[in-house]
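Chain residues, written in single-letter form:
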Amino acid sequence: MPTAIKSVLYVRLPVWKIYPGGVVYVADFIHKQRPDVKQTILDLALVEKSQRLAVLKRYLLDLQPDAVAFSWRNMQTFGPHPENDALDVVMKYDHSPKFQHKFKAALSAISIIYDYSTTRLSNFGFMKTVRKMLPDTRIIVGGTAVSIFGNYIIDKCPNDTVVVIGEGEEAMLSIVDGFEHKEGHFYYKDHSGEVEHFQSEQEFDLLRLTAVNFAYISKIFPAFKEYKDTYIGVNTKRGCPLSCQFCLYNKIEGSRQRYRDPAEVAKEIDVLSKDYGMKHIWFTDAQFCATRRSIKHVGMMLDELITRKTEIEWAAYIRLNYVTHDIAEKMLATGLNSLDLSFTGSQEVIDTLSLGYKLEQQMEVFKVIKDAGYQNQKIKLYIPLNAPDETLETLQKTIDRINELYDIFGRENVLPFIFFIGIQPNTPVEKRLKDEGYLSKNYNPLTLNPFVIKRLLYNPKPLGRLIGRAYLKAAESMDETSDYIGRATMENIEISLKKLQEDATTDLELLPEYD
Ligand code: B12
Ligand code: SF4
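Residues numbered from 1 in each chain as written. Chains lettered and ligands numbered in written order. Predicted model: local features only at pLDDT ≥ 70, side-chain atom pairs only at ≥ 80, totals over all residues. Heavy atoms only, no water.

(A) Inspection of the overall build of the protein chain at higher detail. Secondary structure assignment for the protein chain yields 18 helices and 17 strands. Scaling as 2.2 N^0.38, a compact globule of 515 residues should have a C-alpha radius of gyration of about 24 Å, and the protein chain matches this with 24 Å. Once the C-alpha set of the protein chain is aligned to its principal axes, its extents read approximately 80 × 55 × 45 Å. Of all 515 residues assigned to the protein chain, the portion counted as buried reaches 55%. Of all intrachain contacts in the protein chain linking residues separated by at least 6 positions in sequence, the fraction that spans at least 24 positions is 75%. Of the roughly 23,000 Å² that the protein chain leaves accessible, carbon and sulfur atoms contribute 52%. The positive charge centre, built from 64 side chains, and the negative charge centre, built from 69, are 3 Å apart in the protein chain. (Helix = DSSP H or I, 4+ residues; strand = E, 2+ residues; numbered from the N terminus. Rg over C-alpha atoms; globule rule 2.2 N^0.38 Å. Buried < 20%, exposed > 50% of the residue type's maximum accessible area, 1.4 Å probe, protein only. Contact = heavy atoms within 4.5 Å. Areas by Shrake-Rupley, 256 points an atom, 1.4 Å probe, with all protein chains shown as cover. Lys, Arg positive; Asp, Glu negative; His and termini not counted. Charge placed at Lys NZ, Arg CZ, Asp CG, Glu CD.)

(B) View of the environment of Ala328. With respect to the helices and strands, the residue Ala328 is situated in helix H11 (residues 325-333). In this structure, the C-alpha to C-alpha distance between Ala328 and Tyr374, residues 46 residues apart in sequence, is 8.8 Å. Once you skip the residues sitting within four places of it in the chain, Ala328 turns out to touch Val323, Val368, Ile369 and Ala372.

(C) Looking closely at the nonpolar core. Tyr10, Ile217, Trp314, Ile318, Phe366 and Leu381 are the most contacted members of the largest nonpolar core, which has 130 residues in total. Tallying contributions element by element places helix H14 (residues 392-409) first for this core, with 8 residues. The residues contacting Leu381, other than those within four sequence positions of it, are Leu341, Phe343, Phe366, Ile402, Leu405, Val414, Leu415, Pro416 and Phe417. Judged by nonpolar contacts, the second largest core, of 33 residues, contains Met75, Phe126, Ile154 and Ile453. (Core = buried A, V, L, I, M, F, W, Y, C linked by side-chain atoms within 4.5 Å.)

(D) Fine view of the site of ligand 2. Around ligand 2, the structure places Cys240, Leu242, Cys244, Cys247, Tyr249, Asn250, Ala286, Gln287 and Arg319. For the shell around ligand 2, a count of residues per class yields 6 nonpolar, 2 polar and 1 charged. (Near = heavy atom within 4 Å. Nonpolar A, V, L, I, M, F, W, Y, C, P; charged D, E, K, R; others polar.)

(E) Representation of the sheet that holds strand E15 (residues 414-419). Read from one edge of the open sheet, 3 strands run E13-E14-E15, paired in parallel fashion. If you trace the sheet from one side to the other, it starts and ends with strand E13 (338-342) and E15, each paired once. On average, each strand axis in the sheet is tilted by 20° relative to the strand beside it, whichever way the strands run. As paired elements, strand E14 (residues 378-384) and E15 share 6 bridges and run parallel to each other. The residue bridging Lys380 from the neighbouring strand is Leu415, located in E15. (Pairing = 2+ DSSP bridges. Axes fitted to C-alpha atoms, helices over the stretch in contact; angles between N-to-C directions.)

(F) Examining the site of ligand 1 more closely. For ligand 1, the set of nearby residues contains 37 residues, the closest of which are Ser71, Asn74, Met75, Gln76 and Glu253. Here an oxygen atom of ligand 1 and a backbone polar atom of Gly168 are 2.9 Å apart. Tyr231 is positioned such that a nitrogen or oxygen atom in its backbone is 3.1 Å from a nitrogen atom of ligand 1. Secondary structure elements with two or more residues in the shell around ligand 1: helix H1 (21-33), strand E3 (67-71), strand E4 (138-142), helix H5 (144-156) and helix H8 (249-252). Considered class by class, the residues forming the shell around ligand 1 number 16 nonpolar, 16 polar and 5 charged. (Polar contact = N/O pair within 3.5 Å; in protein donor to acceptor, adjacent residues only side chain to side chain.)

(G) Structural view of the packing of aromatic side chains. Taken as a whole and judged by the stated rule, the model has 27 aromatic pairs. An aromatic cluster is built from Tyr231, Trp282, Tyr317, Tyr382, Phe417, Phe419 and Tyr484, whose rings are joined through pairwise contacts. When the ring centre of Tyr93 is taken as origin, the NZ or CZ atom of Lys102, which lies over that ring, is 6.0 Å away. When the ring centre of Tyr25 is taken as reference, the NZ or CZ atom of Arg238 above it lies at 6.0 Å. (Phe/Tyr/Trp six-rings, centres within 6.5 Å; stacked < 30°, edge-to-face > 60°. Lys NZ or Arg CZ within 6 Å of the ring centre and 35° of its normal.)

Geometric values such as these leave the question of function open.
And the structure:
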């Protein structure tokens, strides 16, 4: 007879402090379906590194849970940008003409990789500790890292572990119910170490995800209040039907967009704001405005927030194509704090990356947002600089478009993020770069080899050098009075492009060293 689980300890594995939205949704769903199950959330992101193992052991001894459910968010975090040290390290190592800079960068790289590998080992160590202290407890591991690297993780887990891929609600419910009637998508390593792979036909119906009961959550997760002044993740939908070449969100969440009830989403946010003083919301949808249909849903949800007079500031990954004047007004009225979007100023690069929109239309929508009551919100441009097929001409086009955005919104409000394509497993761009020989056919995406890791941040020659040196020059001149590093980098690129034009050459080797 399968034994139903009576108690679950959720352990959120360490990350840089960020609200653990995934675990909260899973625990809330289980509580609504099986209110008798006793649940506790331990968030190791909030525990000193040196104390984590001891705290976990104490929880295991005190609670003796029937199941320990780990949530693993990040595993391969190399998607650096100007607010992340790793970008500086890679740039200096690859493009600084100064030996001492390269040497220091190499040392920093060793320490970043050491940290990266020890975090991974210690996470598996936590699972082994559970197995040792509580041999009959079922171990479950879920979260985005697991959704991407599930078969690697199942290999390293102790026996009797379920590794849940993608959404956790249904899989967790079937585990809690005794794991006889299986649901969701998972790998199960049984008591003898044999691995079973299961994927149910049905996708989770998001209408079942009603507003989180935060009164319950704050009881089982007392550290919840420590997130008061951070961005709280709220899901309004899951899935993305688009297929941008570098992206795997559509694989993590599925390609069919499914929606929550807009009134339930608004209620969730209203409670966060009014009862818990949590006023910063990040809509953690893979894409907040992907399609015409999803824009309607966004509109309904924003209407609900307006009716409730909910006071928040919010952000999300936003595509502009379908944003109308009416939607823009609602976005601004409900507290849009920044516009975070992928941006390139060249239709050629948009098409190469299959981003699926027209640049001209996107530029028009920027003006619509300006006219709809824009008030100095930041415009954050995640620029896939030096993407495959980028040329001197496409770079110049991007600079021209950014200059247009400075004119529309004011230079100080536009933040070009120097962002490169991070090559991710099973994406079209990965396939292309394997076919072209840039990556070896059997490279390991979780390698600790710094030279392969560096290649996964796609910034190849010859433009890589021009961009790298423009960035380093900008970084070197930074002080509190300086321009934002992304803007300064784009300006340096523009200066280099002008120089090439004056010299009537496309030979990048002829550019002077930056110092
Ligand atoms: C929104 C988002 C952000 C926002 C987050 C805002 C916020 N306050 O929450 C911002 C922009 C800040 C951000 C930053 C970063 N992010 Co991010 N982000 C996402 C995104 C799009 C959604 C994550 C999310 O919250 N989803 C909604 C919640 C409800 O879902 P969930 O957490 O996945 O939980 C579900 C399942 O995973 C599962 N589950 C989770 N835990 C458990 C536990 C158990 C036991 C079970 C059964 C199931 C389960 O069930 C949950 C409900 O169904 C994902 C991509 C994606 N589409 O998933 C990337 C993603 C998570 N990010 C990623 C990365 C790398 C980062 C950064 C490191 C980037 C960088 N270099 O700076 C930083 C790190 C931030 C940090 N402190 O850790 C990676 C992580 C995986 C990896 N490659 O290692 C992802 C997958 C994107 C990618 N390209 O690979 N991110
Ligand atoms: S729209 Fe966003 S989430 Fe969807 S495939 Fe493109 S990059 Fe990924």
